[in-house]
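Tertiary structure, described
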Amino acid sequence: MDRLRIEGPTRLAGSIRAGGAKNAALPALAASLLCSEPIELLSVPDVRDVRTMLRLLEHFGVASERGAEGVTLRPGGEPPADDAPYELVKTMRASVLALGPLLARLGHARVSLPGGCAIGVRPIDQHLAGLEALGAHVELEHGYVTARAPRLRGGCYRFDMPTVTGTENLIMAATLATGSTRLENCAREPEVADLAALLSRMGARIEGAGTATIEIEGVDSLGGARHRIIPDRIEAGTYLIGGAMTAGEVRVENAEPSHLGALLEVLDEVGCQIDAAGPGICLVGTPEITSRDVATAPHPGFPTDLQAQYMALMTRTRGASIIRETVFENRFQHVPELARMGAEISIEGGRAEVRGPTELSGANVMATDLRASASLVLAGLAAVGTTVVDRVYHLDRGYEAMESKLQLLGARVERLRGD
Ligand code: UD1
C-alpha cells in the first residue's frame, strides 16, 4: 500500500487548479444509463471512485474512453444487466446511483445494499421510499435491493432529511417517468444542480435543482450530450485550508466562490485574507489564527467533507474551538491520528473540542477515510519533522494528483510506493 511522506513545516505558496468535482462526476457518469447515445463529460477527475464507477458502467454495457479533456461514454442499447454487485458497491457507496437510472430505463434493478461505512451507518431508506412514491415495488433480500416498475409514474416525495445521492437518484428516476414529479426537502448541493444541468442537456425537463423543491416533467427518452463538470469545491477548500494552516498564500485558479460561501466566511473570520473577486479564490494566511466554532450542515452550511481539514486548522489557534458534526454520526476518526501528532482534542458525541495552539510534530499516522486522510496531510505540512500517512488509497479515492499539486505549492511531499 502506498504511503505519503511529508517533511514539515512548509509554507504553501502558489497557484493550482482544482479538478472536476468527484461528487458531481459520479452521478453524471451514472446518468449515461438513461440513454443510448454518447455522453461526453469534460473535467472528469482521474480518481479511484471515478474508475470504480466506470467499471460498474462497463458491467451495464457502457463503454468508456478517457481523452485529454474528459471521458466519453457509449451506452449502446439496453443495459445487458440490471444488478450492481456487492464487490463493486462495497468499495464505493455511490454505486447506489445506478439504482434510479436502471429502474427508469429497464423497469427493474437490483443493487447490493451499501452497508455500513467508515463514517457512519448511512442508510438508503430515503432513496427507496422516494422510488416507491414513483410507483416502484421495492424488496430487500439477501443483502440486495430489488426494485420493479414497468414504467415509473410521476409523484410527490418529501425527503425526511436532505440527502445528496438520494436527491440525485430520484431526479434521474423521474426524468423518464410518466407525468410530473415534485421532490421536497431536496439536497441543495451544487453537485445536484450540476447533474440537473447535464440531464437538461440530454433532454430532461427539470426545474428548481439547487433549491429545496425540484420539479421534473417526465419525457419518453433522453439523448446524448456534452457537459463540463463543475470544479471540486471540497478539493479547492482543502488547499485553501492548507494555505491557512501554513500561514501561506494559495490561489485556486478555478474555484467557484459561490460554492464555498460557508468556508470562506469562516476563513475570513479566523483571520485569513480572502480574495474571491476572481479568477478563482486567493487566500493569504496568518500565523495568528483565531479560533471559531463550526457546525457542519447540508449545503449551503459548512460542508461535512471539510470538517476534518478544518479541525486540523483549529489545532493552530489560541484557545478552544468547538466543532459539531451534525450530518454523520461517526466522523471523527481523524481525531486519534491528529492526537498522535500532538493535537489536544476531546470528543463527546458529535461534538469535538480542540484546544490550541499546538506545535504539531511529525508522526506515522493512518488514513481512515477520504477527508480524514486530507486532514492528516494538512497537519503533516504544518508539523515539525517527518509525517508518513499510511493507507493513501483513501486519498486516491477523491484527490487527483494530490502530491503533485502540493509540490507545486512548495510542499516537500513524496509518495512511497507499496509492494
Ligand atoms: C454525499 C457525498 C459525501 C458527503 C455527503 C454529505 C457523494 C458521492 N457523496 O454522500 O461526500 O459527505 O453527501 O454532504 O456525493 N441518510 C439517511 N437515509 C438515506 C440517505 C441519507 O438517513 O436514505 C442520512 C445519512 O446517513 C447522513 C445524511 O442523511 O446522515 C446525509 O447523507 P447523504 O447526503 O445521503 O450522503 P451521501 O449522498 O451518501
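Here, the structure is the one placed above.
Residues numbered from 1 in each chain as written. Predicted model: local features only at pLDDT ≥ 70, side-chain atom pairs only at ≥ 80, totals over all residues. Heavy atoms only, no water.

With that settled, the discussion passes to the overall build of the protein. Along the backbone of the protein there are 14 helices and 24 strands. For a compact globule of 419 residues, the expected C-alpha radius of gyration is about 22 Å, and the protein comes in at 21 Å, within 12% of that figure. Over its C-alpha atoms, taken along the principal directions, the protein stretches across nearly 60 × 45 × 40 Å. Of all 419 residues assigned to the protein, the portion counted as buried reaches 57%. (Helix = DSSP H or I, 4+ residues; strand = E, 2+ residues; numbered from the N terminus. Rg over C-alpha atoms; globule rule 2.2 N^0.38 Å. Buried < 20%, exposed > 50% of the residue type's maximum accessible area, 1.4 Å probe, protein only.)

Evaluation of the coordinates by the stated rule reveals 24 salt bridges. The salt bridge involving Glu191 is made with Arg233; its shortest N-O contact spans 2.8 Å. Residue Glu191 is found in helix H7 (residues 190–201), and its partner Arg233 is found in helix H8 (residues 233–245); the two are separated by 42 residues along the sequence. Of the residues examined, Arg233 reaches a relative accessible area of 10% and is grouped as buried. Linking Glu403 and Arg415 is a salt bridge whose minimum nitrogen-to-oxygen distance equals 2.6 Å. One end of the pair, Glu403, is in helix H14 (residues 402–408); the other, Arg415, is in strand S24 (residues 412–416), and 12 residues separate them in sequence. Looking at Arg415, the relative accessible area reads 17%, which means it is buried. Through salt bridges with shared partners, one network takes in Asp2, Asp396, Glu403, Arg415 and Arg417. (Salt bridge = Lys/Arg side-chain N within 4 Å of Asp/Glu carboxyl O.)

What follows covers empty space enclosed by the protein. Throughout the structure, instances matching the rule amount to one cavity of 30 Å³ or more. For the largest cavity, the calculated volume is near 30 Å³. Forming the walls of the largest cavity are Ala21, Lys22, Asn23, Glu191, Asp232, Ile234 and Arg371. Its residues assigned to classes, the lining of the largest cavity shows two nonpolar, one polar and four charged. (1 Å grid on protein atoms, 1.4 Å probe; cavity = no way out; pocket = protein on both sides within 12 Å on 5 of 7 lines; lining within 4 Å. Points joined across faces, edges and corners; volume = space filled by probe spheres on them. Nonpolar A, V, L, I, M, F, W, Y, C, P; charged D, E, K, R; others polar.)

Strand order in this open sheet of four strands is S4-S5-S3-S14, and the pairing throughout is mixed. Two strands in the sheet have a free side with no partner beyond their single neighbour: strand S4 (63–66) and strand S14 (225–228). Pairwise comparison of adjacent strand axes, ignoring direction, gives a mean angle of 15° for this sheet. Pairing between S4 and strand S5 (residues 70–74): four bridges, direction antiparallel. Paired with Ala63 across the two strands is Arg74, which belongs to S5. (Pairing = 2+ DSSP bridges. Axes fitted to C-alpha atoms, helices over the stretch in contact; angles between N-to-C directions.)

A few words on the packing of aromatic side chains. Scanning the model with the defined rule gives two aromatic pairs in all. Here the guanidinium or amino end of Arg110 rests over the ring plane of Tyr144, the centre of that ring lying 3.9 Å away. (Phe/Tyr/Trp six-rings, centres within 6.5 Å; stacked < 30°, edge-to-face > 60°. Lys NZ or Arg CZ within 6 Å of the ring centre and 35° of its normal.)

Residue alternation in strand S13 (residues 214–217) divides its side chains into a buried set, Ile214 and Ile216, and an unburied set, Glu215 and Glu217. A loop of six residues connects strand S12 (residues 205–207) with S13, the two strands running antiparallel in sequence, and Gly208 in this loop sits at a positive phi of about 95°.

Attention now goes to the site of the ligand. Neighbouring the ligand are 19 residues, the closest being Gln126, Thr163, Thr165, Asp305 and Val327. Within the contact set of the ligand, an oxygen atom lies 2.8 Å away from a backbone nitrogen or oxygen of Val164. Protein coverage of the free-state accessible area of the ligand, which is 750 Å², stands at 88%. Mapped by element, the contributors of at least two residues to the shell around the ligand are helix H5 (125–133) and helix H6 (164–175). At three residues, the largest contribution of residues to the shell around the ligand is made by H5. Classifying every residue of the shell around the ligand gives eight nonpolar, six polar and five charged. (Near = heavy atom within 4 Å. Polar contact = N/O pair within 3.5 Å; in protein donor to acceptor, adjacent residues only side chain to side chain. Areas by Shrake-Rupley, 256 points an atom, 1.4 Å probe, with all protein chains shown as cover.)

Working note: α-helix, 3.6 residues per turn, so residues spaced by three or four point in the same direction. An ideal rise of 1.5 Å per residue puts 16 Å on 12 residues; H7 measures up with 17 Å between its terminal C-alpha atoms. Along H7, the positions that sit buried rather than exposed are Pro190, Glu191, Val192, Asp194, Leu195, Ala196, Leu198 and Leu199. (Expected span 1.5 Å × (residues − 1).)

Packed helices, taken two at a time, are described by their axes: the angle between them and the distance between them. Between H8 and helix H9 (residues 261–269), the least distance of the axes is 11 Å, while the angle of their chain directions is 5°. Classed by the angle they form, the pair H8 and H9 counts as roughly parallel. Together, Gly237, Leu240, Ile241 and Ala244 of H8 and Leu263, Leu264 and Leu267 of H9 make up the contact between the two elements. Among the residues forming the contact of H8 with H9, the class breakdown is six nonpolar, one polar and no charged. (Parallel < 35°, antiparallel > 145°, perpendicular 65-115°, else oblique. Contact = heavy atoms within 4.5 Å.)

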